[in-house]
Amino acid sequence: MRIGSGWDLHILVPGRKMMLGGYQVPSPVGEAGHSDGDVLVHAIIDAIYGALAEGDIGSHYPDTDPRYKGIASIELLKDTMTHLGTHRIVNLDSTVILQSPKLRNHIDSIRASLAQATCLSIGQISVKAKTTEHLLENAVIAQATVLLS
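Note on numbering: residues in each chain are counted from 1, in written sequence order. In keeping with the model being predicted, local features are shown solely for residues with a pLDDT of at least 70 and side-chain atom pairs are shown and tallied solely at 80 or more, while totals for entire chains, interfaces and linings include all residues. As a rule here, side-chain values come from all non-hydrogen atoms in the structure, and water together with hydrogens is ignored.

Caption draft 1: Structural view of the packing of aromatic side chains. Between 30 and 60 degrees the pair is tilted, below 30 it is stacked and above 60 it is edge-to-face, where a pair is any two Phe, Tyr or Trp rings, Trp via its six-membered ring, whose centres lie within 6.5 Å. Going through the model one piece at a time under the given rule, you end up with 2 aromatic pairs. Seen in terms of ring centroids, Y49 and Y61 are 6.4 Å apart; in terms of plane orientation they differ by 50°. Their pairing is tilted. With a gap of 12 residues between them, Y49 in helix α1 (residues 39-51) and Y61 in the loop between α2 (57-60) and α3 (73-81) connect regions that are remote in the sequence. With respect to burial, Y49 and Y61 carry one shared label: buried. Aromatic pair Y61 and Y68: ring centres 5.5 Å apart, planes at 90°, arrangement edge-to-face. Under the scheme applied here, a residue whose accessible area is under 20% of the maximum for its type counts as buried, over 50% as exposed, and between as partly exposed, the area being computed with a 1.4 Å probe on protein chains only. Judged by its relative accessible area of 8%, Y61 is buried. Judged by relative accessible area, Y68 falls into the buried class, the value being 11%. In this description a helix means any DSSP run of H or I spanning at least four residues, a strand means any run of E spanning at least two, and both kinds are numbered starting from the N terminus.

Caption draft 2: Representation of the nonpolar core in the model. Only buried residues count toward a nonpolar core. Its members are Ala, Val, Leu, Ile, Met, Phe, Trp, Tyr and Cys residues joined through side-chain atoms within 4.5 Å. Core analysis: the largest hydrophobic core is formed by 41 residues, its most contacted members being L20, L40, I48, L77 and L114. The set of elements that each furnish at least two residues to this core consists of β2 (18-20), α1, α3, β5 (89-98), α4 (107-118), β6 (125-130) and β7 (139-148). Ranked by residue count, the leading element in this core is α1, at 10 residues. Every residue pair with non-hydrogen atoms within 4.5 Å of one another is taken to be in contact. The residues contacting I48, other than those within four sequence positions of it, are L77, T80, M81, L84, I89 and V146.

Caption draft 3: Structural detail: unusual backbone geometry. Across the junction of S100 and P101, the peptide omega takes the value 5°, indicating a cis bond. If you check the backbone angles, A53 has positive phi at about 55° while not being a glycine. Examined against the element boundaries, A53 turns out to sit in the loop between α1 and α2. Residue classification places A53 among the exposed positions, given a relative accessible area of 61%. For H134, which is not glycine, the phi dihedral falls at a positive 65°.

What follows is the structure in structure tokens.
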């Protein structure tokens, strides 16, 4: 068994889509970033590479590489899954920390998107949402933990 954790943060800006787990959440703002800025996927990728002891997302998909400019992060997750070798994901647990919009009605869609990208069952994927209690209004944070066998 191997465990990995990941964490990411992006500022929220107008004119960008809010992508979480490969799912577009309706919002007037979205994550700024070199890619689509999907903080949840970025945290999951970091958790997977952490469990494999193979660095982080930046060492595999650097933001200095023009190939990744504007890329859908869910495509990076699909590529990351090909690096598991003989390991398999037992479960994935994650938390998105965001003041607004509320994610309650989108959690199942986010889980379904992640399940499709990872070929896991929805029962292996947990996505929780927390607010920042108004301490941080213009950013989104995600953290993820994966267990590999």
